[in-house]
Amino acid sequence: MRPVIPYVTAALLFGLGVYGVLRRRNAVLVLMAVELMLNAVNLILVTADTTARSVLPHSGQVFALFVIVLAAAEIGVGLAIVLQLYRLRATVAVDEVPLTEPAESLRPAGMPQPAAASAGQHPEVGR
């Protein structure tokens, strides 16, 4: 089998994923672009496993399975972060997320401040 077609397809998928990560503003679309890149890596691993006979049989397929598990975990954590971002900011635009904001401003409305923060001292100092 000639591996040129799967390698070119994987390169195109990976390039499309990189373009999506660099150009998209929506966090969900960025996660989808990362998934495209991971699927391109899976295609390369499986193609390399079938074309190059290595010492370990089916090692590319095993690595592809690990990448699939990693992608599932990434989507679970990523979507949880996106949902929390939407709850706090009412937007999922990546370029509107402040990276240098203090932690107190990230507290949801209606949640009281800790006693130490409101008194201006450390909780162990007054004891």
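This text goes with the structure placed above it.
Let us look at the structure shown here. As the structure is a computational prediction, the values presented were derived from the model and not from experiment.

### Things to note about the overall build of the chain
Next up, step 1: For the chain, the helix and strand inventory stands at four helices and zero strands.
Next up, step 2: Mapped from its N terminus to its C terminus, the chain presents α and β elements in the order α-α-α-α.
Next up, step 3: Here the chain holds 127 residues, and 18% of them are scored as buried.
Next up, step 4: Nonlocal contacts in the chain, meaning residues at least 24 apart in sequence, comprise 53% of its contacts between residues at least 6 apart.

### A look at the side chain of Thr-47
Next up, step 1: Along the chain, the position of Thr-47 falls in helix H2 (residues 27–51).
Next up, step 2: Look at Thr-47 and you get buried, because its relative accessible area is 5%.
Next up, step 3: Of the polar contacts made by the side chain of Thr-47, one reaches the backbone oxygen of Leu-43; its length is 2.7 Å.

### Description of the environment of Val-62
Next up, step 1: Within the fold, Val-62 resides in helix H3 (residues 59–89).
Next up, step 2: The partly exposed category is assigned to Val-62, whose relative accessible area is 42%.
Next up, step 3: Through-space distance from the C-alpha of Val-62 to that of Val-46 is 8.9 Å; in sequence the pair is 16 residues apart.

### Let's talk about the environment of Tyr-7
Next up, step 1: If you trace the backbone, Tyr-7 turns up in helix H1 (residues 4–23).
Next up, step 2: Here the alpha-carbon distance between Tyr-7 and Ile-44, two residues 37 residues apart in the chain, equals 6.3 Å.
Next up, step 3: Once residues within four sequence positions are removed from consideration, Tyr-7 is found in contact with Ile-44, Thr-47, Ala-48 and Thr-51.

### Structural notes on the pattern of salt bridges
Next up, step 1: Throughout the structure, instances matching the rule amount to two salt bridges.
Next up, step 2: Three or more residues joined by partner-sharing salt bridges are found here, namely Arg-25, Asp-95 and Glu-96.

### Comments concerning the packing of H1 against H2
Next up, step 1: Contact geometry for H1 and H2: axes closest at 8 Å, N-to-C directions at 160°. Considering the angle they form, H1 stands roughly antiparallel to H2. Pair H1 / H2 crosses with left-handed handedness. For the pair H1 and H2, the contacting residues are Pro-6, Tyr-7, Thr-9, Ala-10, Leu-13, Phe-14, Leu-16, Gly-17, Val-18, Gly-20 and Val-21 in the first and Val-30, Ala-33, Val-34, Leu-36, Met-37, Ala-40, Val-41, Leu-43, Ile-44, Thr-47, Ala-48 and Thr-51 in the second.
Next up, step 2: Each residue belonging to the contact of H1 with H2 can be placed in one class, and the counts come to 18 nonpolar, five polar and no charged.

### Some details on the environment of Ile-68
Next up, step 1: Counting through the fold element by element, Ile-68 comes out in helix H3.
Next up, step 2: Separated by 29 residues in sequence, Ile-68 and Asn-39 place their C-alpha atoms 8.2 Å apart.

Basis of the calculations
- Residues numbered from 1 in each chain as written.
- Predicted model: local features only at pLDDT ≥ 70, side-chain atom pairs only at ≥ 80, totals over all residues.
- Heavy atoms only, no water.
- Helix = DSSP H or I, 4+ residues; strand = E, 2+ residues; numbered from the N terminus.
- Buried < 20%, exposed > 50% of the residue type's maximum accessible area, 1.4 Å probe, protein only.
- Contact = heavy atoms within 4.5 Å.
- Polar contact = N/O pair within 3.5 Å; in protein donor to acceptor, adjacent residues only side chain to side chain.
- Salt bridge = Lys/Arg side-chain N within 4 Å of Asp/Glu carboxyl O.
- Axes fitted to C-alpha atoms, helices over the stretch in contact; angles between N-to-C directions.
- Parallel < 35°, antiparallel > 145°, perpendicular 65-115°, else oblique.
- Left-handed = near helix turned anticlockwise from the far one by under 90°.
- Nonpolar A, V, L, I, M, F, W, Y, C, P; charged D, E, K, R; others polar.

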